[in-house]
Amino acid sequence: MHNTAQNAYSGLAAQYHLHDPAERELLPQGDFDVPLTVTDAMFARNGNLAWDDNSHSGLWGDVILVNGAPWPVMKVQRRVYRFRILNASISRSYNFRLSTRDAVTVVATDGGLLPVTKQVTSWRHAGAERYEVLIDFSKYKAGTSVELQNTSNKNNVDYDYTGKIMRFDVTETPVTITRPDGSPDPTWNRVPTTLVSSDVMALKASQAKKTRRMRLKKNDAGIWTLGDHSWQEIVDSGFTKNVANPALDDVEIWEFENSSGGWFHPVHVHLVDFQILARNGRAPFEYEKGPKDVVYVGEGETVKVLMKFGPHRGRYMIHCHNLPHEDHDMMTQFIVGMAPGEPDVNDPIEAAPCIDDGDTSQDDD
């Protein structure tokens, strides 16, 4: 607590990729399935990372890093590539677009594949959100350079070069149309339209047993709160206070309201994936019509999400993924399938205790 932001900023970030038969057939694999972990940083004169979270409001660096490298260049073949884009910045959000203004094809969100692909020319991308996009480089001549750019969003702090992310240089390299095992690669020149359904996207608002409303704000003491609670209040209650207590397998609608002004909040709900129902009373953006676990709640926005609680009972967190906000103190908890005060059978501290096997040759930690 209170140090998550600086710990994450000071460390390394990586992606863990999941595969299944459907996406292996539908989407590029191997060298053409590329992680892009985007962060920003500020550097001191001696090259060390500098830290300033602006009184817990956020950190915005003037250098953009992709997979740890500043403004990198990637050589690409004239074929379809899949990019798994993670915003791992401490506070910054991005508004991505290609320098050519061509559309990209969104195929997946935080929790998996969209039911159908969506073509967009730009998309807003907050901390911890994941979007998978296809870019078809076959439309460009060899020698063409295509930049991934950032037009930013309200309530960021931007600098001379934070509008640039990275560059793709299209080469004359013969296009790879087979997979490593020698079999044909059906994805090298194909952008699919229909993908796969999911339980999350099949949920209907009519299934919801309850609607809960949570306000995101900074209180009079200068503490960030979520649902009128700070994390310190949860701690002081002995972890009994909560903003919601759905039964196992209940379906609910949660409404996040950000009317306090001056900030955006990427809200991350643990345990579940959810479907975005509405943004300010209108349909969600095309690119976010897939299973999500982080939702961008911009200044003056109210967002409704639909979720089913399971498969586990226990206590779970909701927090802002602007990490200085989370640290001070924009985090709360909900309980699933438990009565107030009931011991949590899935408590991470007690669920898997260390077993003393009598071996003193090494630590059992």
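Attention here is on the structure that accompanies the text. (Residues numbered from 1 in each chain as written. Predicted model: local features only at pLDDT ≥ 70, side-chain atom pairs only at ≥ 80, totals over all residues. Heavy atoms only, no water.)

Notes on the overall build of the chain
What counts here: Secondary structure elements follow DSSP: runs of H or I of four or more residues count as helices, runs of E of two or more count as strands, with numbering from the N terminus. Using C-alpha atoms as the atom set, the radius of gyration is obtained and then compared with a globule rule of 2.2 Å times the number of residues to the power 0.38. Think of it in three bands: with a 1.4 Å probe and only protein chains considered, a residue is buried below 20% of the maximum accessible area for its type, exposed above 50%, and partly exposed in between. Residue exposure ignores everything except the shown protein chains as possible cover, and the areas themselves are Shrake-Rupley values with a 1.4 Å probe. Charge counting follows a simple rule: Lys and Arg are positive, Asp and Glu are negative, and His as well as the terminal groups are ignored. We put the charge of a Lys on NZ, of an Arg on CZ, of an Asp on CG and of a Glu on CD.
Within the chain, the regular secondary structure consists of five helices and 21 strands. Expected size for 365 residues packed as a compact globule is a radius of gyration near 21 Å; at 22 Å, the chain falls within 12% of this value. Once the C-alpha set of the chain is aligned to its principal axes, its extents read approximately 65 × 60 × 50 Å. Sorting the 365 residues of the chain into buried and exposed places 48% on the buried side. Total accessible area on the chain is roughly 17400 Å²; 49% of this is exposed by carbon and sulfur atoms. Distance between charge centroids for the chain: 10 Å, based on 37 positive and 50 negative side chains.

Overview of the packing of aromatic side chains
Given two aromatic rings, one states the distance between the centres and the angle between the planes to describe the pair. This is how it is decided: Only Phe, Tyr and Trp rings are paired, with Trp represented by its six-membered ring, and only when their centres lie within 6.5 Å; those with planes under 30 degrees apart are stacked, over 60 edge-to-face, the remainder tilted. Either the NZ atom of lysine or the CZ atom of arginine qualifies as a charge over a ring when it sits within 6 Å of the ring centre and within 35 degrees of the ring normal.
On inspection of all chains with the given rule, the structure shows 21 aromatic pairs. When the centroid spacing of 6.4 Å and the interplanar angle of 80 degrees are considered together, the rings of Trp254 and Phe256 count as edge-to-face. On the basis of relative accessibility, which here comes to 0%, the residue Trp254 falls in the buried class. Here the aromatic residues Phe32, Tyr81, Phe83, Phe137, Tyr140 and Phe168 are joined through ring pairs into a cluster of three or more. The ring of Phe32 carries Arg79 above its face, with NZ or CZ at 3.8 Å from the centroid. The ring of Tyr296 is capped by Arg124, whose NZ or CZ atom sits 3.8 Å from the centre of that ring.

Thoughts on the nonpolar core
Where we set the bar: Residues grouped as a nonpolar core are buried Ala, Val, Leu, Ile, Met, Phe, Trp, Tyr and Cys residues, joined through side-chain atoms within 4.5 Å. Whether two residues are in contact is decided by their heavy atoms: any pair within 4.5 Å suffices.
Residues Phe83, Trp123, Phe137, Ile165 and Phe168 are the most contacted members of the largest nonpolar core, which totals 39 residues. Aside from chain neighbours lying at most four places away, what touches Ile165 is Val38, Ile64, Val66, Trp71, Pro72, Tyr94, Phe96, Leu148, Gln149 and Asn150.

Comments concerning the pattern of salt bridges
Worth spelling out the cut-off: We count a salt bridge whenever a side-chain nitrogen from Lys or Arg sits within 4 Å of a carboxyl oxygen from Asp or Glu.
Here the structure, examined in full by the defined rule, presents 26 salt bridges. With a shortest N-O distance of 3.4 Å, Lys217 and Asp228 are connected by a salt bridge. One end of the pair, Lys217, is in strand E13 (residues 210-218); the other, Asp228, is in the loop between strand E14 (224-226) and helix H4 (231-236), and 11 residues separate them in sequence. Exposure remark for Lys217: the relative accessible area of 23% places this residue in the partly exposed category. With relative accessibility at 48%, the residue Asp228 sits in the partly exposed group. For Lys241, the salt bridge goes to Glu233, with nearest N and O atoms at 3.5 Å. The class of Lys241 is partly exposed, set by a relative accessible area of 31%. The network of salt bridges with shared partners includes Glu23, Asp33, Arg82, Arg84 and Glu132.

Quick look at unusual backbone geometry
In the segment running from Gly310 into Pro311, the intervening peptide bond is cis, with an omega of 5 degrees. Within the secondary structure, Pro311 is located in the loop between strand E19 (302-308) and strand E20 (314-320). Even without being a glycine, His56 presents a positive backbone phi close to 70 degrees. Secondary-structure assignment places His56 in the loop between strand E1 (33-41) and strand E2 (63-66). With a relative accessible area of 32%, His56 lands in the partly exposed category. With phi around 70 degrees, Asp228 is a residue other than glycine that occupies positive phi space.

With respect to the environment of Arg282
With respect to the helices and strands, the residue Arg282 is situated in the loop between strand E17 (274-279) and strand E18 (294-297). The sequence separation of Arg282 and Val303 amounts to 21 residues, and the corresponding C-alpha distance is 9.4 Å.

Things to note about the sheet that holds strand E21 (residues 331-336)
Note the threshold: One requirement defines pairing of two strands: DSSP has to find at least two bridges between them. Note on method: axes are straight lines fitted to C-alpha atoms, helices fitted across the in-contact stretch only, with angles between N-to-C directions ranging 0 to 180 degrees.
Ordered in space as E18-E16-E20-E21, the four strands form an open sheet in which the pairing is antiparallel. Edge positions in the sheet fall to E18 and E21, since each of these pairs with one other strand and no more. Each strand axis lies, on average, 20 degrees off the axis of its neighbour in the sheet, ignoring direction. In this sheet, E20 lies alongside strand E16 (residues 265-269) in antiparallel orientation, the contact comprising three bridges. Note on E20: the bridge partner recorded for Val267 is Cys320.

So, the sheet that holds strand E10 (residues 130-136)
Strand pairing in a sheet takes place through backbone hydrogen bonds and is either antiparallel or parallel in direction. Overall, mixed pairing links the seven strands, which are arranged E3-E2-E1-E5-E10-E7-E8 in an open sheet. In the strand order of this sheet, the two ends are held by strand E3 (69-70) and strand E8 (112-120), each with one partner. Relative to strand E5 (residues 80-87), E1 runs parallel, the two being bridged by six bridges. Each residue of the ladder has a partner; that of Val38, found in E5, is Asn87.

A short note on the side chain of Asp327
Position of Asp327 among the secondary structure elements: in helix H5 (residues 323-327). Although Asp327 lies buried, it forms no salt bridge, and the closest oppositely charged side chain, Lys218, sits 14 Å away as judged by the N-O distance. For Asp327, the contacting residues outside a window of four places in its chain are Met1, His2, Asn3, Thr4 and Ala5.

A short note on the pairing of E21
Counting buried residues in E21 gives six out of six residues, a clear majority hidden from the surface. Here E21 shows a buried face lined by Met331, Gln333 and Ile335 and a second buried face lined by Thr332, Phe334 and Val336. Here E20 pairs with E21 via six bridges, running antiparallel. Each bridged residue has a counterpart across the sheet, and for Arg315 the counterpart in E21 is Ile335.

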